[in-house]
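This is what each chain is made of:
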Amino acid sequence: MYQLSANIELLFTEAGPDAGDRVRAAAAAGFDAVEMWFSTDKDLDSLGKALADTGVQLTSLLAGPRMGFTFPGTDLTPAHEGLDTAVQHAELLGCPRIVLASGVGFPGMNRQRNHQVVIDMYGEAVERHRGADVDFVLEPVNSRVDHPGALTDRTEDAVDVARAIGSDRFGILYDLYHSIAQGEDPATELANAAGYVKYVQLADVPGRHEPGSGAVDWPAQLAVLRASGYDGPIGLEYFPAVETTKSVEYIRSVAADA
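Parameters and conventions
Residues numbered from 1 in each chain as written. Predicted model: local features only at pLDDT ≥ 70, side-chain atom pairs only at ≥ 80, totals over all residues. Heavy atoms only, no water. UniProt positions renumbered as here; feature names shortened; annotations may be inferred. pLDDT = per-residue confidence, 0-100. Helix = DSSP H or I, 4+ residues; strand = E, 2+ residues; numbered from the N terminus. Salt bridge = Lys/Arg side-chain N within 4 Å of Asp/Glu carboxyl O. Buried < 20%, exposed > 50% of the residue type's maximum accessible area, 1.4 Å probe, protein only. Pairing = 2+ DSSP bridges. Contact = heavy atoms within 4.5 Å. Axes fitted to C-alpha atoms, helices over the stretch in contact; angles between N-to-C directions. Right-handed = clockwise from strand over helix to strand, strands pointing away.

Looking at an unreviewed UniProt entry, the protein chain carries the name Hydroxypyruvate isomerase, with the source organism given as Geodermatophilus normandii. Checking UniProt for the protein chain, the heading Sequence similarities (unreviewed entry) contains the comment "Belongs to the hyi family."

Listed below in C-alpha cells is the structure:
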C-alpha cells in the first residue's frame, strides 16, 4: 500500500486558510501525511503544533523563489537564501525533502548550457547543506499546458541534472500528471530515472483534477510505479472538482491494492 500525502494548498481547503487547520482536517480524514508548497507564507507555530498533535508527517515543501536562474547577469543570491530558509523550515517541521525548480531557460543558450547553470547552482547548495537531514528533489514540469518555457520540462532533463550532481541526497520529483501531460510514457521515463526518483506526485489528465476524473488508468500506472521500485509516499497535488474527502476515495482504493 502506498502512503498518500494530501497537498494542503489544494486539498482540505474546506477547513479554512490556516495550514494547521488543514493538517488537522487531513488527519481527521485518515491521512498520516501531507505536503505543501512554500513555508514562508505559513504560520509555522500553528503548523508545527498541528503536525505534532496529530502525528502527521510533512513529506515535502518547496524552496523559493522560483526564477530564471540561467539568464545572464541573474543574481542568484535570492535563490540561495530561499533554499537556506527552506532547509531551516524543513528541519524545524521534520520534513525530509525539499522540492526545487529549474525556472525557465535562457533562449540565447542551448539546453546543455542552461542545464549546467542549474547543475552548478544546486551542486553548490548540496555541498553547503551537507549536514542537513534533507533530500533535494528537482521537479520537471510540463510546458505543454501549465509551464510554458520551463527548462526541465522533460523527465530526462531532471535526471540529467541529478546524474551530473552525483549526490545520493539529490534526485528528482516524478509527477505523473506533468509527465503524461507532456506526452511521456511513464514506464519508459521511470526506467530511465531508476535510482533518482525520490518523490512522486499525481493528478489526473486532462484537467489536473482528482484521479478518476480524467483519462489515466490509475491501477495500471501505479502498477508501473511499483514495478519501477518506488515505494515512497505519493503526493496528491490536484485541484479537486468535488469536496476533498470525496475526491480521495478512488485513489485511496487504487493505492490500497498497488
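### Digging into the confidence of the model for the protein chain
The share of residues in the protein chain with pLDDT of 70 or more is 100%, and the mean pLDDT across the chain is 97. Within the protein chain, no element has a lower average pLDDT than helix 4 (residues 111–128), which sits at 95, and none a higher one than strand 2 (residues 33–35), at 99.

### As for the pattern of salt bridges
Scanning all chains against the criterion turns up 15 salt bridges. Put simply, Arg130 and Glu127 hold a salt bridge, and the shortest N to O gap is 2.2 Å. Exposure remark for Arg130: the relative accessible area of 56% places this residue in the exposed category. For the salt bridge of Asp146 with Arg208, the shortest nitrogen-to-oxygen distance reads 3.9 Å. Note that Asp146 is positioned in the loop between strand 6 (135–138) and helix 5 (155–165) and Arg208 in the loop between strand 8 (197–202) and helix 8 (218–227), a separation of 62 residues in sequence.

### Some details on the sheet that holds strand 9 (residues 234–236)
Here we have nine strands laid out as an open sheet, ordered 3-2-1-9-8-7-6-5-4, and parallel in their pairing. Both outer strands of the open sheet, strand 3 (57–58) and strand 4 (61–62), are each paired with one neighbouring strand and no more. Across three bridges, strand 8 lies against strand 9 in parallel orientation. Within strand 9, the position partnered with Val200 by the bridge is Ile234. The strands touched by helix 3 (residues 77–93) within the sheet are strand 3, strand 4, strand 5 (97–100) and strand 6, with strand 5 carrying the most contacts at an inclination of about 150°.

### A closer look at the pairing of strand 7 (residues 170–175)
With six of six residues buried, strand 7 lies mostly within the body of the structure. Of the strand pairs in this sheet, strand 6 and strand 7 are connected by three bridges, and their pairing is parallel. Across the sheet, residue Val137 finds its bridge partner in strand 7, namely Gly171. In this view, the connection linking strand 6 to its parallel neighbour strand 7 by way of helix 5 has right-handed handedness. Where strand 7 lies against strand 8, four bridges are found, and the strand directions are parallel. Along strand 8, the bridge assignment pairs Asp175 with Gln201.

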